[in-house]
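# What the coordinates show
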Amino acid sequence: MTRLKANKKAKRWGKGQSSSSNPSQHKFRSEAKSRRMGPQSAKSSLKSSTLTTEALARHEKQSVADVNMVLEDEESTRAGSRSVRSGWTLGTEFTSGAYDGTAFQHVQKLWNSSLASHKQICAVLAAVTEVITSQGGSQTDNEYFATLMTALESADTEDTATALAFLLSVVIERVAVVVLKSKFSLCSKVLSDKLRVYSSMQSSSLLKSLIGCLGTLLAAQEKAVWSEPSTIQMLHTLSSQTVSSKPKVRKAAHQAVCKLVKNAPKATVASEVASFCIHELEARGGLGDSTKVFHTLALLRDVISLFSHQNLKTSCESLLRLMTLSNAIVTGLVMQVFTALFSSESTDLSAQLNAQLINALYDYQPSVKDMQPLQAWLIVMQNAYINMQRLDYQLCYTHFPRLFSTCLSCLLSPHDMVIQVASETMKVVLMKCVSPHVESVVLAAGGSLKGKSSVLEKVFKLIESGLKYRYHAAWCQVLGTIQVAFEVMGKSCYDVIIPQSLVSLCNLHDTPNFPFIPQLEAAVGAAVETMGPRVVLAAIPLELENEEVQIQFPRAWLLPVLKRHIRNTELQFFTATLLPLAARLRNRAATLIDGDKKLEAKVYDTLQSQIWDLLPSFCRNPVDLTQSFKNIARILGTALTERPELRKTVCHALCLLVESSQGNADCQAELSRFSKNFLPILFNIHTSESTSPNSSVLECIGSYLSITDQQLVNSLFGKVGVKLTSEDVNKSTRQAVMDLALLVIPHISQKSLAMLYKAVVVLLESDDNAMQKKTYKILERMCSCESEHHQAFIESHLDALQNSLLTSLSSAVASSKKPRLKCLAHIVRRLRGDQTAFITSITAEVILCTKEVNEGARAEAYSLLVDLANAQDRCCDGSHQENIMHYFHIVLAGLAAKSPHMLSATILSLGRLVYEFRDVLSHGMIQKLLNSMNVFLVSRSREVVKSTLGFIKVVVSVLQASDLVPHVSELISSIVSWSKETNYHFRHECRVLFERFIRKLGYEMIFDMVPESHRKLLAHVRKTAERAKRRKAKQRESQAIEKGGKPLLRSYEELLCSSEDEELVERKRSRKQTTDIARGARKSDSRAWIQEGPRDEPIDLLDRNVSRRVLATDPSVAQRQGSHDEEFEMTSEGRLVIKEEEEDAMSAVTDSSKMKSQSALLPGRKRKRTFSGDGEEQINREETVSKRPNIGIHRLVSKEQSKFPDYGTEYRSKKAKGDVKLKGKPDPYAYVPLDFRKLNKRKSAKLKGQFQGLMAAARTGAQRAHRVSRTKVHVRQKHVRKSKGHAV
């Protein structure tokens, strides 16, 4: 028996009393006896099952005619008879593969189920299959349909009918539509009769299956069938089940009706369903049975979008009448119906009806204090306006002011969620309703809305009014709405909305401690993006120039906002307005420096620098580049030459201009016209000795070279390239020229390339590491360019380049390895013919580079190894496998090296080649490689062992199991034979390697090969892998829950268990009825409150807006969080002062009087002077007691709430120390109650700590008592002796 978990509520056995303390409840035993759990015995199954030999015989005779009737158009039955096989079982037909269809694939999983309903399904399916096969059928879906329908008609028990109906609901979806149409009358009669007979049964499984079958059958019928009264009666039957009290029956009917409305003739089915819904709503308009109203609204939510115009109008009238009842749940469901209607984009919903619904919904607007109804109402209105905008924008256009006015009033709600939803409603309406038609409205008004009192102006003024102080709690959301308004209307309506709104925003920004600065700056930034800086700065100037010198500028915060948001604007505005302002501020700073006012000068200099920082923002896709760049080009050149602090800003601006001109020939031509001016300046700046290397200058040069004429580039490089060969040039200048050469290589001619190659090839053996690295980069750039003259130059100099690289091998430094390998890779890819000598000569270098410190160099080395193998294949005449094997032998020569470094590099190289050419490896090469690895696994060098382990990982991953099995034993023996130190050092690699062995070959094979001392590691590896597998499965299941909302069932058996066991659901439902009633008061409280008028004025019930005074939330309860923070008085120290009730006050007075009477006996107390009525002073000694509220850390903790219980208090004496004996109770020993929770390790440690000093304290107490008793005895004896002496 396993120990029960501590937190489970279950019956427990007393310790040592397992035979006499069996649980008193027998829940599972009773259910097992009632055949609900566990497999049935053979005897009981024979008694309870209705499937007998006689029943099967009668069934076969009755079903033959019906089977032939349905299959008259199919192929003739197969010849020959089918004999009854011996050993036939229920699942033989399916396990033997006789049936190849997919209709009952999921049912096959039920053969081993222990549930009675599942066994019944399997038995019926097996019987039906046997009937079909005995008649020579081919087990098609049509045959199963005919047989199951016939059997269902003659079924006389509920269990058999349930199983048949379930199988029928599975197969009817796959039956041909022709069969469903031809046999509609017979099938519909059977299903209708069964629905009528079993409509009052407790279990809903049969009804659910019958409803599904009837819905599928009706959905396949043509329009003519729906004119029959019987068909309409079936539809009414299905519709009536949508309000059933059984959830699964109701759900099945709901799905069937929705399917019919979508697939059947719309004019008939939708009209009948609409009539049913309207009748249900009207019949229960007084909410006598509100549950059926809820179910009807749920059905209406899914089908209302398919109603005709007349049905829509009638349904909406009924829905609006329901809202007058002020039931919170009904109102919420009605809102959902309207939301579904407006979101569906129904073609039958006209613009006029949409507008009428909007006007009607305004009369049912909930109160701003009613959170959830108001949120639902706002969402409905949002979807209603979006749909009306789709139908008729002009009609929708006139309704905008009322909506925004209503949303603005919702901002006064005490609920944050209402404020959030109201602001989102305004934003969505602006983006989806206003934005698509703003330009057309402005054009229709003559290009400007100024002075015309347009709707858009009213809308924006309403939004802007949200900045008033009465809306200060919602300023964050109002600013977000203003930002969206700027984005939507700013470009076309700036003359109407700009002036006052931006001024208001600036005034708010200047308010001390304004909490929403980021939102306000985002709104201003949106205005800058849509309307441009010219319009914004005209409304709110920067105000940086004043007659008096100052260090505080209130609107300087606009400069960073402009920098972040300026784009697609006029470059001329910066040239004409901001640059002169920056110049004046700079002159002002220079004047202040001369006047010894350094602080003020620094402020003005910072301001002019911030204005210059706006230049890159103006260069993001300027709209007037071709007209305005000529005006600023000279200024930019002067700034580059004379103002080093602005070079980075100017270079960034030029790069943005070049980037924005891509695809625009006119802009590129305009920029290229000034190349002869900018490039010499930039070249001189970079090669100047007084300037440090600047990456922004190089980036600007590279960008400008892309749009410069090649002839100009050649002439400029000819002048600069002379410094490469000049001996008078210092080291820094030469390196700067090398940087320029690297940039101009793609843009120069072949003649210039030859000159550059001749100048740099001599620097390959330079002692300067930086020069050598730059030289290799230049050669690599020459080889990588794809232009024709570059390719021709490399082909003509290929041999010379190979010789230069081979001779410079000994002088190559580590920092140059990466560009050198890149250059070698370009050369190797061009090798053709008999050039294997070059491949062999550089292989050793490439192998060693696989151990470089630089990660990039290692990656290039591995890539070059593969290129060398492919080049070997191209240059040799043999087959592909022979050539690759030949290169393997070249690399294998490195295994003869004595250096561990070379050995490690060779092993790593072989691993890369094995991975790349695993498909062409011969068995002999695999044998040779693995034998070599067995030798290196026992090497004393950790470097070699580490590389060998990496090689084995690659081999295990890429080779087939058949190629790997002969060598596994030797590899494992070599791995486990390491020394203890080596084994510990590579323990992680060994674990990974064993995991791959197990994954490739299986745990049993590897377990037999591993010695006994290492099998614990193998078991740990397997457990870790299984744990990781379970963790991944759990993650996939959680992801499925997040995506689909429900966990994926692992088998169809679980699906049926969750859907077929109806009796358990009914019992749970009946058991929870009382709980649901109490819970409904909290979760779905339908109570309502009436908000009284001001000063207790009577409410006018005839008012159209009276529904707003009906609340679904108790208005007496504080709604806003933190609204009761100031209900209590506060002391100067911040503590709450809570006044006690009168009874507590009286008890406090009584306690105080007792303390006063005892204060004379307590020395050292403070004195408090009081005066009697006759003026005589009285001095009373009182103990000062600080009265604290009974909350927080000052709360009173009872003994029952203490951390450790005080055991034995009932034995404690009230008159003296020690314990006393009580009548009828055990003696007062140290009894500690036994608690199974203390078996937990963590809790047992606490228990030990509690009684840790128990024995020591008892021993100390006993010794003390012994000493006291001895003293008393000695005193008594002394007193006796004295008394005897007096007597003598």
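Up top is the structure these notes are about.
The sections below set out a description of the structure shown in this document. (Residues numbered from 1 in each chain as written. Predicted model: local features only at pLDDT ≥ 70, side-chain atom pairs only at ≥ 80, totals over all residues. Heavy atoms only, no water.)

## Topic: the pattern of salt bridges
Any two side chains of opposite charge can pair, on the condition that their charged atoms come close. Inspection of every chain in the model, using the stated rule, returns 24 salt bridges. Of the charged contacts in the structure, one is a salt bridge between Arg 196 and Asp 193, with a shortest N-O distance of 2.7 Å. Residue Arg 196 and its partner Asp 193 are both found in helix α9 (residues 184–197); the two are separated by 3 residues, about one turn of the helix. A relative accessible area of 56% places Arg 196 in the exposed class. Among the salt bridges present, the one from Glu 670 reaches Arg 673, with a minimum N-O distance of 3.0 Å. By relative accessible area, which is 12% here, Glu 670 ends up buried. When its relative accessible area of 43% is taken as the criterion, Arg 673 is described as partly exposed. Counted as one network, the salt bridges with shared partners bring together Lys 189, Asp 193 and Arg 196. (Salt bridge = Lys/Arg side-chain N within 4 Å of Asp/Glu carboxyl O. Helix = DSSP H or I, 4+ residues; strand = E, 2+ residues; numbered from the N terminus. Buried < 20%, exposed > 50% of the residue type's maximum accessible area, 1.4 Å probe, protein only.)

## Brief notes about the nonpolar core
The biggest cluster of nonpolar side chains holds 325 residues, and the ones touching the most others in it are Phe 338, Phe 400, Phe 629, Phe 888 and Phe 997. Of all the elements, helix α24 (residues 475–509) adds the most residues to this core, at 14 residues. Among residues more than four places away in sequence, those in contact with Phe 338 are Cys 316, Leu 319, Leu 320, Met 323, Leu 357, Leu 361 and Val 380. (Core = buried A, V, L, I, M, F, W, Y, C linked by side-chain atoms within 4.5 Å. Contact = heavy atoms within 4.5 Å.)

## Examining the environment of Ser 695
For Ser 695, the position within the fold is in helix α34 (residues 695–705). A residue is classified by how much of its surface remains accessible, and Ser 695, at 59% relative accessible area, is exposed. Each C-alpha atom of the pair Ser 695 and Cys 651 lies 9.9 Å from the other, and the pair is 44 residues apart in sequence.

## Some points on the packing of aromatic side chains
Scanning the entire structure with this criterion turns up 18 aromatic pairs. Both rings, one in Phe 574 and one in Trp 612, keep their centres 6.2 Å apart while their planes meet at 75°; by these two values the pair is edge-to-face. Of this pair, Phe 574 sits in helix α27 (residues 571–594) while Trp 612 sits in helix α28 (residues 598–612), placing them 38 residues apart in sequence. Side by side, Phe 574 and Trp 612 carry an identical accessibility label, which is buried. Centre to centre, the rings of Phe 574 and Phe 618 are 5.3 Å apart; their planes meet at 45°, and the pair counts as tilted. Placement of Phe 574 in helix α27 and of Phe 618 in helix α29 (residues 615–618) is noted, with a sequence separation of 44 residues between them. (Phe/Tyr/Trp six-rings, centres within 6.5 Å; stacked < 30°, edge-to-face > 60°.)

## Focus: the side chain of Gln 221
Note on placement: Gln 221 falls in the loop between α10 (205–219) and α11 (229–241). Residue Gln 221 is classed as buried on the basis of its relative accessible area, which comes to 6%.

## Observations regarding a positive patch on the surface
Positive charge collects at one region of the surface, where Arg 1022, Lys 1023, Arg 1027, Arg 1030 and Arg 1031 lie side by side. On the secondary structure map, Lys 1023 appears in helix α52 (residues 1015–1044). (Patch = residues over 30% accessible without salt bridge, like charges linked within 9 Å, V, L, I, M, F, W, Y side chains within 5 Å. Areas by Shrake-Rupley, 256 points an atom, 1.4 Å probe, with all protein chains shown as cover. Lys, Arg positive; Asp, Glu negative; His and termini not counted. Charge placed at Lys NZ, Arg CZ, Asp CG, Glu CD.)

## Section: the side chain of Thr 162
With respect to the helices and strands, the residue Thr 162 is situated in helix α7 (residues 158–171). Ignoring any residue separated from it by four or fewer positions in sequence, one finds Thr 162 in contact with Ser 205 and Leu 206.

## Here we look at the environment of Thr 843
Topologically, Thr 843 is positioned in helix α42 (residues 836–849). With a relative accessible area of 2%, Thr 843 lands in the buried category. Placed 47 residues apart in sequence, Thr 843 and Ile 890 show a C-alpha to C-alpha distance of 8.1 Å. Those residues in contact with Thr 843 that lie beyond four places of it in its chain are Leu 868, Tyr 887, Ile 890 and Val 891.

## So, unusual backbone geometry
Phi at Glu 345 is positive, roughly 55°, even though this residue is not glycine. The topology assignment puts Glu 345 in the loop between α16 (328–343) and α17 (351–362). At Asn 568, a position not held by glycine, the phi torsion is positive, near 55°. Among the structural elements, Asn 568 can be located in the loop between α26 (558–565) and α27.

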